[in-house]
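Close look at the chain arrangement
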Amino acid sequence: MSVLTGSFNAGDHSVTDAARRRRFGPIYSRNVRAVVARGLMATKSSNWMVMVSGFFEPVLYLISMGVGLGAIVGSVQGPGGQEISYAAYIAPALLAVSAMNGAVYDSTWNVFFKMNFAKLYQGMLYTSLGPLDVAMGEIFLALLRGAMYATGFTAVMGVMGLITTPWAILMIPASVLIAFGFASFGMGITSFMKTFQQMDWINFVMLPMFLFSATFYPLSVYPQSIQWFIQAMPLWHGVELLRQISVGVFTPATAVHVGYYLIMIALGVLLTTSRLRKLFLK
Amino acid sequence: MTRKAELTKKAELTKPIQAAGTTTAAPALRAHSPEVSAARARRWGAFFYAEQVLRVMKGYGWTIVMYGVGQPVAYLFAMGVGLATLVEANGAGEFGGVSYLTFIAPALLISSAVMTAANEFTFPVMDGFKWRRVYYGPHASPLTPEQIAGGQIIAVTVRFLLQSAIYFAVVALFGASPGAWGWVSILIATLAGLSFGLPLMAYAATIKEDRGQFAMVMRFIVMPLFLFSGTFFPLDTLPLSVRWIGWISPIWHGTELGRVVAYGYEEEPWLTIVHVFFLLGLAAAGWVLTKRQFAKRMAS
Amino acid sequence: MRVSELASKESRVTNHSDATPQYVITAENLTKRYGDVTAVDSISFRVPAGEAFGLLGPNGAGKSTTMKMIGGVSQRTSGSLHIMGLDPEQHGPEVRAHLGVVPQQDNLDEELKVRDNLLVYGRYFGLPMSYLKPKADELLEFAQLTDKAKSKVDALSGGMKRRLTIARSLINEPRILLLDEPTTGLDPQARHILWDRLFRLKEQGVTLILTTHYMDEAEQLCDRLIVVDKGKIMAEGSPASLIREYSTREVLELRFGSERNASIGAELEGIGERLETLPDRVLIYAHDGEAALEQVTARGLRPVTSLVRRSSLEDVFLRLTGRSLVD
Ligand SMILES: Nc1ncnc2c1ncn2[C@@H]1O[C@H](COP(=O)(O)OP(=O)(O)OP(=O)(O)O)[C@@H](O)[C@H]1O
Ligand SMILES: [Mg+2]
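Our subject in this report is the structure included herewith. Treat the numbers as computed from the prediction; the structure is a model and nothing was measured.

1. Some points on the coordination of the magnesium ion (ligand 2)
Residues and elements named next belong to chain C.
- Only Ser 64 (OG) and Gln 104 (OE1) from the protein reach the magnesium ion (ligand 2) as donors, at distances of 1.9 to 2.0 Å. Note that Ser 64 is positioned in helix α2 (residues 63-70) and Gln 104 in the loop between β5 (99-102) and α4 (114-124), a separation of 40 residues in sequence.
- Of the residues examined, Ser 64 reaches a relative accessible area of 18% and is grouped as buried.
- A relative accessible area of 40% means that Gln 104 is categorised as partly exposed.

2. Quick word on the site of ligand 1
Residues and elements named next belong to chain C.
- If you check the shell around ligand 1, you find 14 residues, and the closest are Gly 60, Lys 63, Ser 64, Thr 65 and His 213.
- Within the side chain of Ser 64, an N or O atom sits 2.7 Å from an oxygen atom of ligand 1.
- In the environment of ligand 1, an oxygen atom lies 2.5 Å from a nitrogen or oxygen atom belonging to the side chain of Thr 65.
- In isolation ligand 1 has 640 Å² of accessible area, and contact with the protein removes 64% of it.
- With three residues, the top contributor of residues to the shell around ligand 1 is α2.
- Here the residues of the shell around ligand 1 are counted per class, giving five nonpolar, seven polar and two charged.

3. A short note on the pattern of salt bridges
Residue and element names in this part refer to chain C.
- For the coordinates displayed, the defined rule picks out 28 salt bridges over all chains.
- We note a salt bridge from Lys 232 to Asp 41, for which the minimum N-O separation is 2.7 Å. A residue pair is termed long-range when its members are at least 10 positions apart, and Lys 232 in strand β9 (residues 232-237) and Asp 41 in strand β2 (residues 37-48) qualify at 191 residues.
- Take Lys 232: its relative accessible area is 44%, and that puts it in the partly exposed class.
- Arg 281 is the salt-bridge partner of Glu 253, the closest N and O atoms lying 2.6 Å from each other. Placement of the pair is Glu 253 in strand β10 (residues 250-255) and Arg 281 in the loop between β11 (274-277) and β12 (282-286), with a sequence separation of 28 residues.
- Classification of Glu 253 by relative accessible area gives buried; the value is 11%.
- Classification of Arg 281 as partly exposed rests on a relative accessible area of 22%.
- Salt bridges sharing common partners tie together Glu 253, Asp 280, Arg 281, Arg 309 and Asp 315.

Reading guide: rules and limits
- Residues numbered from 1 in each chain as written.
- Chains lettered and ligands numbered in written order.
- Predicted model: local features only at pLDDT ≥ 70, side-chain atom pairs only at ≥ 80, totals over all residues.
- Heavy atoms only, no water.
- Donors = N, O, S within 2.8 Å, 3.2 Å for Na, K, Ca; no water.
- Helix = DSSP H or I, 4+ residues; strand = E, 2+ residues; numbered from the N terminus.
- Buried < 20%, exposed > 50% of the residue type's maximum accessible area, 1.4 Å probe, protein only.
- Near = heavy atom within 4 Å.
- Polar contact = N/O pair within 3.5 Å; in protein donor to acceptor, adjacent residues only side chain to side chain.
- Areas by Shrake-Rupley, 256 points an atom, 1.4 Å probe, with all protein chains shown as cover.
- Nonpolar A, V, L, I, M, F, W, Y, C, P; charged D, E, K, R; others polar.
- Salt bridge = Lys/Arg side-chain N within 4 Å of Asp/Glu carboxyl O.

Written out as structure tokens, the structure reads:
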């Protein structure tokens, strides 16, 4: 290094040299900030309506199913055995679904598109950024967006009179936890994908998960074996966790749900980091 | 569940060109004198182009089956079987004496066709005029803009018919279409798809710059229509403040018609006639606007 | 042979003294395979600090692939590669902190405006805004994009995008500049502005790694170059030494019309040292071009046009990588 930096650079280039003398890891340059800043800047100049619209989907479901179907269904049994309105029953589930959808979208389609079509990451990775900086930055942005949507949705629940306990505010961090679980895995899975047809399979896993994870009706309608299967799926834990928080009823199962996500995040981060070179460096 | 569909479609289109566009009328040109091929194109041009579009569609045939059939069938199971236990326990009388499964089966058929329309009449049009400009290849041949638009519509209509038929077969297998005229709902779904899709196609042809308009259409038009068109519950259960969405929704008109043919849903005869005319009128208006817009855009 | 010999000596040097490597880039038996395709086939070379080093070769020779491996964005199949003593696969961020890269295909950030592209790119290197703002303005000036600073990248012409990509590569004042066909798509004026900048950078000791299909550009800019074909090094040396080694002093270019060029070869047999038949013309390599032309006319052959010129790098390129019919 001394060959390069020592002789030619007198004081006036010290800024660029200082940037080169930072401590670097093999796939990490401690500069996630730059990736996040880029993401925010790009969002600012993009069509913010598209961004805002992402928040409407769960709200529309809530109004349609909660109000329309709720008029027919009446009340159902909540997590603590108490009777709650159908809207209050599905609202936390819709929030969990929205956290899943947003996180998966951002960590799979978005990443795949920026990698293979927009060629955005190619540019980034010709700088001193490492793949880990890029991955962490993208996940952070996804979670930030998820937190905003969750806040908005929780507010809508409040306006609709579906919130009865201060515990409900915890739905926001819990949504971020759920989103993190899905995002950390999603990016790792994307590293195995080569074509858009393969990417479609992600949807075909998510749609049934959305429909069958006790989102719109209790798990008890299924035979035992199917119940076990669904209980093994991540979304069910998210739905149950948020449902418990929304009414402030906590049981040992709460810890299981949180634990499920903590393990999912750990495994997902492990998978993604081990696949980062495959994902970003060809 | 919709925004991924959009991206897929977009991606399909941004993929390297697979013999799209440029080859359309070439075989005819080679085989006949220019006069003959011009005459043929005048007559069959739309079908030449439709064949082209269908060929491209075949490339993502698997995706079509999953979105066009897999998605409504998944909803049918989740709602018609799972949710039905809740709904029927409390409000069995609400659905005109039929099972909840029978009640939602036509709605999902129509919704699925409309969602397909929302994809097939947006991104490919943008692709034709802007992204890869695939419309301009055939346009250099004797095909007219109207024929290109017509060809695209014919191809998508074929897709409507096919996916609706497969879905209907599944429904019939579950005995959720008790009436003898149930199969007519395949045609109704196709009509509903066109009545939503053709005005949208005319709009898509006016777009010069992609600023996420189609994502907006999906979220602010298609999603509300899907959720507020009496799909999962009778429209009357909704308060008036949102019930009007159903009245202007091709999904609602199509769904009500579908229910009439599928299980003899009882409604005023004049209402049935309104449904038919609403759908036909919208489709016809959309076709006129599309033709005009295609001609204008290609001339400019 | 010579190259690999040097390379093995070099490896001993680097092994013993990691701290002060003599060469900025050392590649040994560097290989990259994509499935069955061997894009880079066991090449070895080294580049001392401050050199302008060129990679020439026909399409698909493996130049861009080599550049990508140097940048640490493509993983090699085998062999070793060191940039300032560091393996770019193990120390990607650290290596790239020293690099400026102009990839063959622009990969600008289409979601950001022109000036923001430079600022954000600088942030990726961990540079402070107080440095980046004036630097970005200076680079926009250099790229003649000052009045486009607030435009979207989308709205730039092809050549303007290229200029922005070049400007972007300089944002961190790189010590090594990788330029993959930098001037493709540039107008002559922009090309000269770039050449001028590159000369200045070289004076400041920046190492340049350059690929180009413009032989005049390579001849002017490169101290030394390698000619690669099908992933292998065909020759190595300074432009002048390569011309001396692989070509004659002068070249006689003859055109006989498109039908006859191919068949005339036999009739030109024996004139000059070597004959190269191209689709559009025949080249006769000779020490004295005028004398060769006299011989041609003496044989009663009447070319449509004839031209005598000095040998250039293009002749070396054709000789080494051309699919010559004669030879
Ligand atoms: N991502 C890839 N996947 C598969 N093959 C590749 C890939 N990139 C390059 N190749 C192949 O590797 C070989 C070398 O390609 P490379 O881009 O290095 O050539 P090049 O010398 O830069 O050519 P050009 O002058 O056209 O830019 C070619 O045969 C190419 O087809
Ligand atoms: Mg190249």
